[in-house]
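Examination of the molecular architecture
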Amino acid sequence: MYPDDLLYTAEHEWVRSPGETEGSVRVGITHFAQDALGDIVYVSLPEVGEELQAGTTCGELESTKSVSDIYAPVSGVVVARNESLDATPELVNNDPYGGGWLFDVTLADASSLDALLDSATYQAALGG
C-alpha cells in the first residue's frame with residue numbers, strides 16, 4: 001500500500017526519484033490521502049515552469065467530501081504535470097502511485113530528499 005521505493009511527507013505526498021525528466025522527481029498523493037478524501041472530482045495542479053517552495057501549497061484536490069491542498073514536497077521548478085487528470089481525476093483514487101501521479105519537479109537541491117520519510121517511517125506516523 002506504501003511502496004518502499006518512494007519517499008513520503010507528513011502531508012501525505014509521495015516522491016519518486018528519478019522522475020521522467022533528468023534531475024526531476026515525480027510527485028503524487030498517498031493511498032491514505034486519496035482514501036481520506038473520497039472520490040476526487042477535480043484536480044488543480046501547478047503550471048509547468050512554476051517555482052515551488054517545499055512545504056507551500058501548490059494545488060488542490062476536490063472530492064465529493066472536501067477540498068484539500070497539495071503541498072510541494074521539495075523546492076524546484078515544475079517540468080511536467082499530469083494532463084490526464086483534467087478529464088479523469090479519478091485516476092488519483094484508482095492508481096495513486098501510477099496513472100494518478102500529479103507533477104514532476106526538478107530539484108533545487110537534491111539533498112532536500114533527505115528530509116523526506118521512508119515507507120516504514122511514514123507508516124509508523126500513520127499509526128500502523
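Small disclaimer: the values here were computed from a predicted structure and weren't measured.

What to know about the pairing of strand S3 (residues 24-29)
Counting buried positions over the six residues of S3 gives six, a clear majority of the element. Residues Ser24, Arg26 and Gly28 of S3 are buried on one face, and the alternating residues Val25, Val27 and Ile29, pointing to the opposite face, are buried as well. Relative to strand S9 (residues 103-107), S3 runs antiparallel, the two sharing four bridges. Paired with Val27 across the two strands is Phe103, which belongs to S9.

Digging into the packing of aromatic side chains
Scanning the entire structure with this criterion turns up four aromatic pairs. Consider the rings of Tyr2 and Tyr122, whose centres lie 5.4 Å apart with planes at 65°: the pair is edge-to-face. Of the two residues, Tyr2 is situated in the segment before strand S1 (7-8) and Tyr122 in helix H4 (residues 119-126); the sequence distance between them amounts to 120 residues. Among the residues examined, Tyr122 registers a relative accessible area of 1% and is labelled buried.

Topic: the pattern of salt bridges
Applying the stated criterion across every chain yields a total of four salt bridges. For Arg26, the salt bridge goes to Asp104, with nearest N and O atoms at 2.7 Å. With Arg26 in strand S3 and Asp104 in strand S9, this residue pair connects regions lying 78 residues apart in the sequence. Grouping residues by exposure puts Arg26 and Asp104 together as buried. For Arg81, the salt bridge identified is with Glu83, shortest N-O distance 3.3 Å. For Glu83, a relative accessible area of 46% translates into the label partly exposed. If you follow the salt bridges from partner to partner, you end up with Glu47, Arg81, Glu83 and Asp86 in one network.

Focus: the pairing of strand S6 (residues 57-63)
Where strand S4 (residues 40-44) lies against S6, four bridges are found, and the strand directions are antiparallel. Counterpart to Val43 in the pairing with S6 is Leu61. Pairing between S6 and strand S7 (residues 67-71): five bridges, direction antiparallel. Bridge assignment links Glu60 to a residue of S7, and that residue is Asp69.

What counts, and at which threshold
- Residues numbered from 1 in each chain as written.
- Predicted model: local features only at pLDDT ≥ 70, side-chain atom pairs only at ≥ 80, totals over all residues.
- Heavy atoms only, no water.
- Buried < 20%, exposed > 50% of the residue type's maximum accessible area, 1.4 Å probe, protein only.
- Helix = DSSP H or I, 4+ residues; strand = E, 2+ residues; numbered from the N terminus.
- Pairing = 2+ DSSP bridges.
- Phe/Tyr/Trp six-rings, centres within 6.5 Å; stacked < 30°, edge-to-face > 60°.
- Salt bridge = Lys/Arg side-chain N within 4 Å of Asp/Glu carboxyl O.

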